[in-house]
Amino acid sequence: MSFEEKGVEKHEFDTTTYASAASKEGYYANEILVDPKESESLHRSLTARQISMIALGGAIGTGLIIGSGTALVRGGPLGICLGYSFVGCVCYLVMVALGEMCAYLPHKKGFPGYATRFVDPSFGFALGWNYVLKYVIVTPNNVNAAGVVIQYWTRKVHISIWMVFLINLLGVRVFGELEFWFSSIKVISLVGLLLMGIIIDLGGNPRHDRIGFRYWQHPDGPMGSYLLDKVHNVHLSIFLGFWSTLTNALFAFIGTELIGVTVGEAQAPRKNIPIAIRRTFFRILVFYVGGVFVISLIVPSTDKTLFVANKSKAGAAASPFVVATTLAGIKVLNHIINAAILLFVLSAANSDLYIGTRTLYGLAVQGQAPKIFARVNRMGVPYPALIFCTCFCFLVFLNVSSGSAKVFGWFVNLVSTFGAITWMCICYTHIRFMKALKAQGMSRDDLPYKAPFQPWGSWVALVATAIITIFKGFDTFIPFTKDTFVTAYIGLPVFVVFYVGYKLYYRTSLIPSEKVDLITGKREIDEEEERFNREQEARGPRTRWQKLWENL
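Basis of the calculations
- Residues numbered from 1 in each chain as written.
- Predicted model: local features only at pLDDT ≥ 70, side-chain atom pairs only at ≥ 80, totals over all residues.
- Heavy atoms only, no water.
- Helix = DSSP H or I, 4+ residues; strand = E, 2+ residues; numbered from the N terminus.
- Buried < 20%, exposed > 50% of the residue type's maximum accessible area, 1.4 Å probe, protein only.
- Contact = heavy atoms within 4.5 Å.
- Areas by Shrake-Rupley, 256 points an atom, 1.4 Å probe, with all protein chains shown as cover.
- Patch = residues over 30% accessible without salt bridge, like charges linked within 9 Å, V, L, I, M, F, W, Y side chains within 5 Å.
- Salt bridge = Lys/Arg side-chain N within 4 Å of Asp/Glu carboxyl O.
- Core = buried A, V, L, I, M, F, W, Y, C linked by side-chain atoms within 4.5 Å.
- Axes fitted to C-alpha atoms, helices over the stretch in contact; angles between N-to-C directions.
- Parallel < 35°, antiparallel > 145°, perpendicular 65-115°, else oblique.
- Nonpolar A, V, L, I, M, F, W, Y, C, P; charged D, E, K, R; others polar.
- Left-handed = near helix turned anticlockwise from the far one by under 90°.
- Polar contact = N/O pair within 3.5 Å; in protein donor to acceptor, adjacent residues only side chain to side chain.
- Phe/Tyr/Trp six-rings, centres within 6.5 Å; stacked < 30°, edge-to-face > 60°.

> Which residues make up the overall build of the chain, and what values do they have?
The number of helices and strands found in the chain is 24 helices and zero strands. In the chain, which comprises 552 residues, the proportion classed as buried is 60%. If you take every contact in the chain between residues at least 6 apart in sequence, the share linking residues at least 24 apart comes to 83%. Entry remark: accessible area of the chain is about 23,100 Å², with carbon and sulfur atoms responsible for 66%.

Shown next, in the form of structure tokens:
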């Protein structure tokens, strides 16, 4: 049976009644599956170019530009390239799985809403609050990094959170435009750094020294070592160094899934989301894998400056690109890179606060968070959720104490765990989504976007992410340290508590594939998109320059 036939058959019933019937069967626990009216909910004001650029630049932050230094020291040039390439493949599989669900049902509840609908309301509840916790932690961490970058020049400027708060309060249209330009500058800056690295490697430096693959040779490469003085085994230390690059790469790639949150405010999501998802592969290949490859060419993994850099606070001095310019004898460029990193972390903080508020709003709409967080102002901003998430930004003032750098190191550890749990939940939700389609006689060939490498792709990504998550804190046992152990693994029992607690309280159960609701709310989204398409057609054909701008 086709989607059209199935849709007509289902649309004969009132969607609210259908959802109520599902609730009585004990599957949805009174969750609202239909999005609120446009005037009372998020506004679909993000354009195609904004979504594409936010997806392109949203995840490029300190994990790549700064954290890659640690991965290079521990894994060596070959180890860091292999590690980032492997996690990049996993990230791509997660993104195409998310894209398939988003293109079919682009609702305003984010991927926790898919987990509630396709798996179990308790699963969606646990995923949603797990994601909220991630972003209320990572936002002050990025604001703190911005303050530290400014302190590279002067210590007279105090760290402030008001910029990211005001940008989000101005509405999704303003956020989308500012984040578009932020992301554009980030992408241009990163392209410039990659070109700079290639030029330095080929001899275009003050010393006219053609480096080539020199740093891939002994004693700088091809593989690094980690904890050699603890394990007293060269081969084991090399493997631990490589495994460490996987955990660093995981932290760098986490955040690419933010497109699953922006879908609720996207114009023509069934057209624009697949476009953004398809570009993910090239984004990973060029910026992440290409970035660490260039770093491995121009910076030796044994360089003591690099080792000191990755132990320091975030800032230009911590970036391997600055180490490269210093080794090549290039002056002044460190200040330019510092300014670029400042934009990186401010943009990341801005998008992090946006995602945290929208996730909390989605939970409130489903009845899984206090109803006050479902309120929006006339511009479609969920201001109570924004104020709540902003309150956690005041954690940034911990940096006035001497131990604040260590505290925020714990935060980074927490973020990687919460992010990995999110990836695993997205994969499992997509597996259940595919099973529901098959059980109800619907073909994936009729979907607006069909994810490649399925169904095995989601299983591979789920298992790979689980293995990395379980063993990512291996260095906390060599020797055992309580603080890093807790921050590396506390996210796992927290997720279990959310899941079990909600399940026991509401008596929810895993939704059988044949009972999964694939229809409710879809008609309203279809009508909304058709209305938008008619408005676009009424404006007339686009000029050649407009088409060129959108393609760029």
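> Tell me about a nonpolar patch on the surface, and name the residues and values.
A surface patch of nonpolar side chains, about 730 Å² in accessible area, is lined by W456, W459, V460, V463, I467, I470 and F471. Relative to the elements of secondary structure, F471 occurs in helix α20 (residues 456–471).

> Any chance you could break down the nonpolar core for me, citing the residues and the numbers?
Among the nonpolar cores identified, the biggest contains 127 residues, and Y84, F253, W423 and L518 are the most heavily contacted of them. Looking at this core, the element that brings in the most residues is helix α5 (residues 68–104), giving 18 residues. In contact with W423, not counting residues within four places along its chain, are V87, V90, C91, V94, L250, F253, I254, T256, E257 and T465.

> Account for the packing of α5 against helix α14 (residues 280–298), naming residues and giving values.
Between α5 and α14, whose axes approach to 9 Å, the crossing angle comes to 175 degrees. Viewed along their axes, α5 and α14 adopt a mutual orientation that is roughly antiparallel. Together, S68, L72, P77, I80, C81, Y84, S85, G88, C91, Y92 and M95 of α5 and T280, F281, R283, I284, V289, V292, F293, I295 and S296 of α14 make up the contact between the two elements. Classifying every residue of the contact of α5 with α14 gives 14 nonpolar, five polar and one charged.

> Any details on the packing of α5 against α20? Residues and values, ideally.
For the pair α5 and α20, the least separation of the axes is 9 Å and the interaxial angle reads 130 degrees. Overall, the two elements α5 and α20 adopt an arrangement that is oblique. As α5 runs across α20, the sense of the crossing is left-handed. Contact residues: F86, V87, V90, L93, V94 and A97 in α5; G457, S458, V460, A461, A464, T465 and I468 in α20. Its residues assigned to classes, the contact of α5 with α20 shows 10 nonpolar, three polar and no charged.

> Give me unusual backbone geometry: which residues, what numbers.
Cis rather than trans, the peptide bond between H218 and P219 has omega equal to 10 degrees. In this structure, P219 sits in the loop between α9 (172–201) and α10 (228–231). Here Q454 and P455 are connected by a cis peptide whose omega angle stands at 10 degrees. The topology assignment puts P455 in the loop between α19 (404–439) and α20. One non-glycine residue, H208, adopts positive backbone phi at about 55 degrees. Here H208 shows up in the loop between α9 and α10. Non-glycine residue R507 carries a positive phi angle of around 55 degrees. Along the chain, R507 turns up in the loop between α22 (491–506) and α23 (522–538).

> For the side chain of T390, give the residues involved together with the corresponding values.
Inspection of the secondary structure assignment puts T390 in helix α18 (residues 383–391). Side-chain polar atoms of T390 contact the backbone oxygen of L386, separated by 2.6 Å.

> Give a description of the packing of aromatic side chains that names residues and reports values.
Following the criterion strictly, the structure yields 26 aromatic pairs and no others. What links up through ring pairs into an aromatic cluster is the set F125, W129, F498, Y502, Y505 and Y506.

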